[in-house]
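Structural characterization, general
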Amino acid sequence: MKRFLALVLVGSMLIALPVMAAESPSAATVATQSSQSSDDNGGSGDPVADAAAVEGKTVNEYLNNAVEDVPGLPEQLPTSQGGGVILNGVPTNYKIELTKPAKADVTFAKAVAENLPGAKVLSVVGTRSNALGDFSSAYVNYKIKGVKAGANVVCFGLINGQLVQVPVLFVVDDHVVVDMPGLGKLMFYELPAANAATAAPEATA
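A quick note: this is a predicted structure, and the numbers were derived from the prediction, not measured.

Whenever strands of a sheet pair, they do so through backbone hydrogen bonds, lying parallel or antiparallel. On the basis of which strands lie adjacent, the open sheet formed by 5 strands has the order 5-6-12-8-9 and antiparallel pairing. Of all the strands in the sheet, just strand 5 (97–99) and strand 9 (162–166) have a single pairing partner and so form its edges. Across the sheet, the mean angle separating the axes of adjacent strands is 35° when strand polarity is ignored. Both strand 6 (residues 120–128) and strand 12 (residues 185–190) contribute to a ladder of 6 bridges, which runs antiparallel. Looking at strand 12, one finds that Gly126 is bridged to Lys185. The strands that helix 6 (residues 103–113) touches are strand 6, strand 8 (153–159), strand 9 and strand 12; relative to strand 12, the one it contacts most, it runs at about 40°.

Structure, rendered in structure tokens:
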């Protein structure tokens, strides 16, 4: 059942991701604000650019709910999320909003990697959502540009102050579907093919 839902999620997202990114509610809302309001508050006069700056993002990252440039991780793979979250087994149109990690989060992710032999850090992102509320299972399709089908990708999350392994359900070209137990910082790694992680490594926040 998990594999079926993951396949459905990947299929729908491969079709819908570009459209959903372009129709981001946040971007649409911000775009309706007046340039005069931005000027009055010392902004650039471009409401989208100002909103992106508040998030510490580029305009492209902001409009596409993406994280492309991460402090301390030049090899970060561009990561985005276009919606279609399957929440507790129920398909929804919700999305996970991605936030920029702090440099300390990247340092922590690298420390975790040191306990995973041969691990390469692919991406570090923060997650949030005003719509999901409390949940125990959310199948989420992350577009991670550069990931190849069949790659041995593992994911760990810093959720409620605890380091937990986040199950990876499916990996195809440029997409990784995970089963999130909650919101927090996510860290994606690629391991050598014969070295799958089965438990969270020893690391503390």
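Anyway, onward from the coordinates.
Our focus in this paragraph is helix 6. Inspection of helix 6 places Asp105, Val106, Phe108, Ala109, Val112 and Ala113 among the buried residues, and these make up the whole buried set. Buried residues of helix 6, viewed axially, fall in a sector of 160°; they line one side. Seen from the open side of helix 6, the exposed residues pointing more than 90 degrees away from its buried face are Lys103, Ala104 and Thr107. Buried residues along helix 6 sit in contact with strand 6, strand 8, strand 9 and strand 12.

Criteria and cut-off values
Residues numbered from 1 in each chain as written. Predicted model: local features only at pLDDT ≥ 70, side-chain atom pairs only at ≥ 80, totals over all residues. Heavy atoms only, no water. Pairing = 2+ DSSP bridges. Helix = DSSP H or I, 4+ residues; strand = E, 2+ residues; numbered from the N terminus. Axes fitted to C-alpha atoms, helices over the stretch in contact; angles between N-to-C directions. Contact = heavy atoms within 4.5 Å. Buried < 20%, exposed > 50% of the residue type's maximum accessible area, 1.4 Å probe, protein only. Arc of directions from axis to C-beta.

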